[in-house]
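# Examining the three-dimensional arrangement
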Amino acid sequence: MIDFQPRERLFYRDRLRSARYAALEDAEGFEEICFALEALGLRLLGKQEALGLYRDQIALQANRALVFSELPGAFPLRFKSFGALFSIVQAARNDAMHTGSYARHATQAAIELCIGLEEALMAGVERTVENLMVSSPVAVESWQPVAHARQLMLMHSFSFLPVRLDGAWCLVSELGLAKYLSEGPRKTRLCESIAAARSNGMQVREIAPEELLRAGMTVADVLAGAQVQDGPMLWLVVDQRQPDHLAGVLSPFELM
């Protein structure tokens, strides 16, 4: 079995994760996951083949994940084996009909397959903020209109958007934005810059310097200082040498 270097494992993990996010946004867009699986299979087998011929090599990696090695036996009604999920995805990959309930079923299986393979690829990789965070995060600029922030939130189901305001990192929240738009002339407020909206009363959460994460922190470091709260949360990761540069974001989802 090929033993990837940590950076290579992270590369394929990120590709699977990006494909999974894309499929979550579009239930009929499961082909992105197929492309990611084929890229992984090509690396493992060392030659270009159809998806089905990558199965055995990918299975060797998949067995590193508890969700494939242990949970299907312990909870057979809830967790499908790697083989069962792969067969569903392979059959859908070879079928031209990717519509309706058939597409949703195939996409659900593909997402479950990704979750397990992402866990498998992370086996043996140090669980630091740098290795778990979402790199190149979506953020907004202070000069951009409120309408742009709203559009990004609705398109991607974001709860927060990072923005740099007055020398500090802040989070525009879905609740803060909804309240602001409901309390005044909607057209005017949509056209305001984010900086102007904050000055006019839009609530944003300013992140204290000690709340910002560093790339080298471990999961234990992050969770030790975290408090359970109502609603979603998001940590920002910055380069201490360039505090105005957002290196990544991290949420409890990545830590699970």
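Our subject is the structure listed above.
Residues numbered from 1 in each chain as written. Predicted model: local features only at pLDDT ≥ 70, side-chain atom pairs only at ≥ 80, totals over all residues. Heavy atoms only, no water.

## Some words on the sheet that holds strand 5 (residues 235-239)
In space, the three strands of this open sheet follow the order 1-6-5, with antiparallel pairing throughout. Only two strands of the sheet have a single neighbouring strand rather than two, namely strand 1 (134-135) and strand 5. Taken together, the five bridges between strand 5 and strand 6 (residues 242-250) define a ladder with antiparallel strand orientation. Looking at strand 6, one finds that D239 is bridged to Q242. (Pairing = 2+ DSSP bridges. Helix = DSSP H or I, 4+ residues; strand = E, 2+ residues; numbered from the N terminus.)

## Remarks on the side chain of R9
Relative to the helices and strands, R9 is located in helix 1 (residues 6-25). Exposure remark for R9: the relative accessible area of 2% places this residue in the buried category. One polar contact links R9 to Q61, side chain to side chain, over a distance of 3.5 Å. Not counting the four nearest positions on each side in its chain, R9 is found in contact with D3, F4, Q61, R64, A120, L121, A123 and V125. (Buried < 20%, exposed > 50% of the residue type's maximum accessible area, 1.4 Å probe, protein only. Polar contact = N/O pair within 3.5 Å; in protein donor to acceptor, adjacent residues only side chain to side chain. Contact = heavy atoms within 4.5 Å.)

## Points about the packing of aromatic side chains
Taken as a whole and judged by the stated rule, the model has five aromatic pairs. Measuring from ring centre to ring centre gives 5.7 Å for F68 and F82, while their planes differ by 75°; the resulting arrangement is edge-to-face. On the criterion of sequence distance, the pair formed by F68 in helix 4 (residues 66-69) and F82 in helix 6 (residues 82-93) is long-range, its members being 14 residues apart. On the basis of relative accessibility, which here comes to 9%, the residue F68 falls in the buried class. The exposure class assigned to F82 is buried, which follows from its relative accessible area of 8%. Consider the rings of F82 and F86, whose centres lie 5.4 Å apart with planes at 35°: the pair is tilted. Of this pair, F82 and F86 are both found in helix 6, four residues apart, which corresponds to roughly one turn of the helix. Residue F82 shares its accessibility class with F86, and that shared class is buried. Chaining the aromatic ring pairs together yields one cluster made of F4, F11 and Y12. (Phe/Tyr/Trp six-rings, centres within 6.5 Å; stacked < 30°, edge-to-face > 60°.)

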